[in-house]
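Listed below, chain by chain, are the residues.
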Amino acid sequence: MIESPHPSQPRPVDAAVEAILDELRADGGRITSGRRAIVRSLLSADDHHVTADELASRVQVDHPDVNRSTVYRTLDALEAMGVLSRISLGTGGAVYHLADHAHHHLVCTRCRSVVEVQPGLLGPVMDQLEAQTGFSLDRPHVVISGLCASCRPGKPS
Ligand SMILES: [Zn+2]
Ligand SMILES: [Zn+2]
């Protein structure tokens, strides 16, 4: 019989949810079932780029009692604590994801899909831009718009 080395260890999403709720609690925030559902839904999102409205709709499937203003207030609190980053992708509403998940974004202006780019890829370019212009760039979350591989005209079919 093979035993798990950490039988009592929670699943990664559960641990991450509890870590964030602990921060909320330490910050003086109340932990309600609604807030727990919001954080869980945020961490479970496959695309990691949800708008506040999308998140509210997802939470309300299982928790119809959680209203939109609760979702917005919770997102604001998490953003103020530095847990979440709010990023404007230039199309529609701003999206949220975890602040420690650093990456850049390629955003398709036609289908609005988002492709994540490793932060290191743009590092040398950003160094040069800052040296040449004195501009301080928003390093973790650069957004570049264009047409994705599916939307590009003339793509081979
Ligand atoms: Zn992102
Ligand atoms: Zn596209």
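Residues numbered from 1 in each chain as written. Chains lettered and ligands numbered in written order. Predicted model: local features only at pLDDT ≥ 70, side-chain atom pairs only at ≥ 80, totals over all residues.

## Some points on the overall build of the chain
Rules: Helix numbers and strand numbers start at the N terminus; a helix is a DSSP run of H or I with at least 4 residues, a strand a run of E with at least 2. Put plainly, a residue is buried at 20 or more neighbouring C-beta atoms within 10 Å of its own, exposed at 12 or fewer, and partly exposed in between, counting only other residues' C-beta atoms, which are placed from the backbone. Throughout, a residue-residue contact means that the two C-beta atoms, derived from backbone geometry, are no farther apart than 7 Å.
Per the secondary structure count, the chain includes five helices and six strands. Taken from N to C terminus, the helices and strands of the chain fall in the order α-α-β-α-α-β-β-β-β-α-β. Of all 157 residues assigned to the chain, the portion counted as buried reaches 16%. Excluding contacts between residues fewer than 6 apart, the proportion of contacts in the chain whose partners are at least 24 apart in sequence is 45%.

## Description of helix H2 (residues 33–44)
Residue pairs three or four apart in sequence face the same way in an α-helix, which turns once every 3.6 residues. The condition that has to hold: Expected helix span is given by 1.5 Å per residue-to-residue step, counting one fewer step than there are residues.
With 12 residues, H2 extends 16 Å between its outermost C-alpha atoms, agreeing within 8% with the 16 Å of an ideal straight helix rising 1.5 Å per residue. Looking at H2, one finds that the buried residues are Arg35, Ala37, Ile38, Val39, Ser41 and Leu42. Those residues of H2 that are buried lie in contact with helix H1 (12–26), strand E1 (50–51), helix H3 (52–62), helix H4 (68–80) and strand E3 (95–98).

## Concerning H3
Put simply, the test is: Taking the helix axis as origin, the arc is that swept by the directions to the C-beta atoms.
Where H3 is concerned, the buried positions are Leu55, Ala56 and Val59. Down the axis of H3, the buried side of the element spans an arc of 100 degrees, and every buried residue falls inside it. Buried residues in H3 make contact with H2, E1 and H4.

## Quick look at unusual backbone geometry
The residue arginine 112 is not glycine, and still its phi comes out positive at about 65 degrees. Turning to its location among the elements, arginine 112 is positioned in the loop between strand E4 (104–108) and strand E5 (114–117).

## A short note on the pairing of E5
The condition is simple: Two strands form a pair only when DSSP identifies at least two bridges running between them.
Here E4 pairs with E5 via four bridges, running antiparallel. When the sheet's bridge partners are listed, valine 107 is paired in E5 with valine 114. Taken together, E4 and the strand that follows it, E5, pair antiparallel across an intervening segment of five residues, in which arginine 112 is found at a positive phi of about 65 degrees.

## Brief notes about the confidence of the model for the chain
Our working rule: In predicted models, pLDDT denotes the confidence assigned by the predictor to each residue on a 0 to 100 scale.
The share of residues in the chain with pLDDT of 70 or more is 86%, and the mean pLDDT across the chain is 83. Across the chain, the secondary-structure element scoring lowest on mean pLDDT is E3, at 83, and the one scoring highest is H3, at 91.

## Thoughts on the nonpolar core
The condition is simple: By convention in this section, buried Ala, Val, Leu, Ile, Met, Phe, Trp, Tyr and Cys residues joined through C-beta atoms within 7 Å make up a nonpolar core.
By size, the foremost hydrophobic cluster in this structure holds 20 residues, and its most contacted members are Ile38, Leu42, Leu55, Val59, Val71 and Tyr96. Of all elements in the fold, only H1, H2, H3, H4 and E3 reach the threshold of two or more residues within this core. In terms of residue count, the dominant contributor to this core is H2 (four residues). Contacts of tyrosine 96, omitting those with residues within four sequence positions, involve Leu42, Val50, Leu75, Leu84 and Arg86.

## Some points on the packing of H2 against H3
Operational definition: Helix axes are fitted only over the stretch in contact, all axes being lines through C-alpha atoms; the angle between N-to-C directions runs from 0 to 180 degrees. Roughly parallel means an angle under 35 degrees; roughly antiparallel means over 145; roughly perpendicular covers 65 to 115; every other angle is labelled oblique. A crossing counts as left-handed when the near helix is turned anticlockwise from the far one by less than a right angle, and as right-handed when that turn is clockwise.
One can describe the packing of H2 onto H3 by two numbers: an axis separation of 10 Å at closest approach and a directional angle of 120 degrees. Of the possible angle classes, the one that applies to H2 and H3 is oblique. The crossing of H2 and H3 is right-handed. Here Ala37, Ile38, Ser41 and Leu42 of H2 lie close against H3, whose contacting residues are Leu55, Arg58, Val59 and Asp62.

## A short note on the sheet that holds E3
One open sheet holds the three strands; their spatial order is E1-E3-E2, and the pairing between them is antiparallel. Pairing within the sheet leaves two strands with one partner each, and these edge strands are E1 and strand E2 (84–87). Bridging between E1 and E3 involves two bridges; their strand directions are antiparallel. Looking at the pairing, valine 50 lines up with tyrosine 96 of E3.

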